[in-house]
Amino acid sequence: PLGLKYLNLYSNKLAASNLIGSTTLSPNLRYLNLANNQLIQLNRGLSSLLNTAVKVDLSGNRIGSIEAGIFSSNTELEFIDLSGNRMKDLNFSFL
């Protein structure tokens, strides 16, 4: 749906492979809640899902790595919550 602005997928046991086909959701998506799922990493396969969001909640997953530049084409991004994940080091090259 092109008018979709808010997508809440909180606590659905989703892995990145479950989201790959969802990457053409909406160019108007502003808030994406993927908290408390089973995401292990963020890679380019998810980048179009993250391109327009102003707020992204990725807390409470199992994210250990974020591919460099995954948010680089998102000029609107204001907030990312990565709390409660498994990252040991955080390299800000993903921005």
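Keep in mind the model is a prediction, meaning the values are calculated, not measured.

Caption draft 1: A look at the overall build of the protein chain. A count of helical and extended segments in the protein chain gives two helices and six strands. Computed over C-alpha atoms, the radius of gyration of the protein chain comes to 12 Å, within 12% of the 12 Å expected from 2.2 N^0.38 for 95 residues, which places it in the range of a compact globule. Based on the C-alpha atoms only, the size of the protein chain along its principal axes is roughly 35 × 25 × 20 Å. Looking at the protein chain residue by residue over its 95 residues, the buried ones come to 37%. Across the protein chain, contacts joining residues at least 24 apart in sequence account for 56% of those joining residues at least 6 apart. The centroid of the 8 positive side-chain charges in the protein chain is displaced by 8 Å from the centroid of its 6 negative side-chain charges.

Caption draft 2: Layout of the environment of Glu-76. Summarising the element assignment, Glu-76 is placed in the loop between β5 (65-66) and β6 (79-81). As for Glu-76 and Arg-30, which are separated by 46 residues in sequence, their C-alpha atoms are 8.7 Å apart. The residues touching Glu-76, leaving out its near neighbours within four places in the chain, are Thr-52, Ala-53 and Val-54.

The rules behind each value
Residues numbered from 1 in each chain as written. Predicted model: local features only at pLDDT ≥ 70, side-chain atom pairs only at ≥ 80, totals over all residues. Heavy atoms only, no water. Helix = DSSP H or I, 4+ residues; strand = E, 2+ residues; numbered from the N terminus. Rg over C-alpha atoms; globule rule 2.2 N^0.38 Å. Buried < 20%, exposed > 50% of the residue type's maximum accessible area, 1.4 Å probe, protein only. Contact = heavy atoms within 4.5 Å. Lys, Arg positive; Asp, Glu negative; His and termini not counted. Charge placed at Lys NZ, Arg CZ, Asp CG, Glu CD.

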